[in-house]
Amino acid sequence: MRYCGVRGGGAHHAGTTTTTYPPPTPTCTSSSRARLRRAPPMPHPPLVAARLCRRLLPSSRRVFPRAMASSFTTAPAAAQQAGGVAATARAEEYEEVLGRLSSLISQKVRAHTGNRGNQWELLERYIQILELEEPIARMKVIHVAGTKGKGSTCTFTESILRSCGFRTGLFTSPHLMDVRERFRLDGVDISEEKFLKYFRWCWNKLQEKTDDDIPMPPYFRFIALLAFKIFSAEQVDVALLEVGLGGKFDATNVVKEPVVCGISSLGYDHMEILGNTLGEIAGEKAGIFKKGVSAYTAPQPEEAMVSLKKRASELGISLQVADPLKPHHLKDQHLGLQGEHQYINAGLAVALASTWLEKQGHVDRMPLNHTDPLPDEFIKGLSSASLQGRAQIVPDSQVVFQCYQGGQKSTIFHGAVSNFWQISQDSSVQLHVCERSYAIASTSSGYFNSKWIAL
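The text that follows walks through the structure, step by step, so that each part is easy to find.

Each value, and the rule that gives it
- By convention here, each chain's residues receive numbers from 1 onward along its written sequence.
- This being a predicted model, a pLDDT of at least 70 is required before a residue's local features are given, and a value of 80 or more before pairs of side-chain atoms are given or counted; all residues contribute to the totals for chains, interfaces and linings.
- Water and hydrogen atoms play no part in the side-chain values, which are based on all heavy atoms of the structure.
- In this description, a nonpolar core means a group of buried Ala, Val, Leu, Ile, Met, Phe, Trp, Tyr and Cys residues linked to one another through side-chain atoms lying within 4.5 Å.
- Throughout, exposure labels follow a simple rule: accessible area from a 1.4 Å probe, protein chains only, divided by the maximum for the residue type, with under 20% read as buried, over 50% as exposed, and the rest as partly exposed.
- Numbering of helices and strands starts at the N terminus; helices are DSSP runs of H or I of at least 4 residues and strands are runs of E of at least 2.
- Contact between two residues is taken to exist if any of their heavy atoms lie within 4.5 Å; hydrogens are not considered.
- A pair of strands is labelled paired if DSSP reports no fewer than 2 bridges between them.
- Axis geometry follows a simple rule: fit a line to the C-alpha atoms, using only the stretch in contact for helices, then measure angles between N-to-C directions, giving values from 0 to 180 degrees.
- The scheme is simple: roughly parallel for angles under 35 degrees, roughly antiparallel for over 145, roughly perpendicular for 65 to 115, oblique for anything else.
- Here a crossing is called left-handed whenever its near helix is offset anticlockwise from the far helix by less than a right angle, and right-handed whenever the offset is clockwise.
- Classes in brief: Ala, Val, Leu, Ile, Met, Phe, Trp, Tyr, Cys and Pro nonpolar; Asp, Glu, Lys and Arg charged; the others, Gly included, polar.
- By salt bridge we mean one thing: a side-chain nitrogen of Lys or Arg within 4 Å of a carboxyl oxygen of Asp or Glu.
- Pairing of aromatic side chains requires ring centres within 6.5 Å, counting the rings of Phe and Tyr and the six-membered ring of Trp. Pairs whose planes differ by under 30 degrees are stacked, by over 60 edge-to-face, and all others tilted.

Some remarks on the nonpolar core
Taken as a class, soluble globular proteins show a tendency for nonpolar side chains to be buried jointly.
(1) Moving on: Counting 46 residues, the largest nonpolar core has L101, F171, F183, F195, F222, L226 and F231 as its most contacted members.
(2) Moving on: Of all the elements in the fold, those that place two or more residues in this core are α3 (75-102), α4 (121-129), β5 (183-185), α7 (192-209), α8 (219-233) and β7 (238-242).
(3) Moving on: It is α8 that provides the largest number of residues to this core, a total of 11 residues.
(4) Moving on: Excluding its chain neighbours within four sequence positions, the residues that come into contact with F171 are R182, F183, F220, I223, A224, A227, F231, L240, L241, E242 and T252.
(5) Moving on: One finds F156, L161, F378 and I379 within the second-largest nonpolar core, a separate group that totals 36 residues.

The structure is reproduced here in structure tokens:
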């Protein structure tokens, strides 16, 4: 078994560049060699990526870039068996769509002024072009910002409301292997057929109306607009939106009247854009607060809490702190997402889901109080929630790392993948790079002095 660490911290935005760092030079000592049973030689890069893809994703969600096609010699035959020429044509169309999406990625540095709200008015123009003003206004949105846990919070909330019988739409970022992971309908990634249909509609509309004065939107703005189109066309009962970066100037913040807003745990992130202090960062995240809209937050450091309360006071709204869940709230069932920190995210999710139910007139489905066990639908949603790459355990019989510590043998894989490589658009290749990095790192005695996660 291997431990797949938390997905890369921020969304992949246009106007950003991803900096990667080479793995550390091995400094293997005789003692570390004695403790380590070396892994077998690493296979060819695409084969590693393919194997990890098989472990991480169902077959319906595997997509490999064109550059790797030569390594998968059986792919054409498999396509013929699955659906013949039509399936091959659709696969080629899907690759073409991914290429068009990639063309929207800018090479500007992350701190470019475009990420600080410049040309914000263009978002309104895009919405007009796509005829999304009314659909967005009608949408019953739960909007979540934060540094850590906002994707998990959205996932828990979506799973709760789906278990209560509502049709859900979930927009999160980044994706791990396939861009369709960002758009979930009723807990399942949007189908390739629907994705292509809505992509074509949005792309063609924008291509007709954009010019030098109104350029095509950058990557993240486009996929946020695509999410609004998908959720409105699919007539979801509730749309859960995870902020990509910050809050105030994020593309998801075009929603003027969400049902409820939430702030997950805050810390230092994207400081070149959001500010150098927790107070400044919290102020940017609080940009999603709206007058007359209920707001909740996970427990925060004092400096961040002061900033959040200040913004809430300016808008005349109350900011309530959502307490972390305890095992007895779940009748001792396990959360669907692993890790003690998820009890914080689950507590915020319960508050958001409860408020949404209350505002929609479903008071009978809400928890009775904060001390008793949660309703069965809430427990079912929390225990069945899933999201690839969040503290995910991935079985793999082909690649195993073993070490001996304190007389016990442990099969291990270091969790902090983002310390070395950020999974990005080229995730199939990056997964291979991650695996190679940790194969090298695992031979270093210095890494056995750090905290390893034993499975």
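The discussion continues.
A closer look at the sheet that holds strand β9 (residues 294-297)
(1) Moving on: An order of β6-β5-β4-β7-β3-β8-β9-β10 is seen for the eight strands of this open sheet, with the pairing classed as mixed. Strands with a single pairing partner mark the edges of an open sheet, and in this sheet they are β6 (188-189) and β10 (319-321).
(2) Moving on: By the bridge criterion, two bridges tie β5 to β6 in an arrangement that is antiparallel. The residue bridging R184 from the neighbouring strand is D189, located in β6.
(3) Moving on: Each of β8 (260-263), β9 and β10 is contacted by helix α11 (residues 302-315), which is oriented at about 145° to β10, the strand it contacts most.

Re the packing of α7 against α8
(1) Moving on: Axis separation between α7 and α8 bottoms out at 10 Å; the angle between their running directions is 120°. Comparing their axes, α8 and α7 come out oblique. Considering the relative orientation of α7 and α8, their crossing is right-handed. Where α7 abuts α8, its residues F195, Y198, F199, W201, C202, W203 and L206 lie against F222, L226, K229, I230 and A233.
(2) Moving on: Across the contact of α7 with α8, the residue classes tally to 11 nonpolar, no polar and one charged.

Things to note about the pattern of salt bridges
(1) Moving on: Scanning all chains against the criterion turns up 14 salt bridges.
(2) Moving on: Residue R184 is joined to D189 by a salt bridge in which the shortest nitrogen-to-oxygen separation is 3.7 Å.
(3) Moving on: Put simply, R311 and E314 hold a salt bridge, and the shortest N to O gap is 3.1 Å. Of this pair, R311 and E314 both sit in helix α11, separated by three residues, roughly a single helical turn.
(4) Moving on: Ionic contacts of the salt-bridge type, sharing partners, join the residues R167, D186, K194 and E234 into one network.

Focus: the packing of aromatic side chains
(1) Moving on: Under the defined criterion, the tally for this structure stands at 10 aromatic pairs.
(2) Moving on: A ring pair is formed by F171 and F220, whose centres lie 6.0 Å apart and whose planes are at 40°; its orientation type is tilted. Of the two residues, F171 is situated in strand β4 (residues 168-171) and F220 in helix α8; the sequence distance between them amounts to 49 residues. Here F171 matches F220 in class, with each residue buried.

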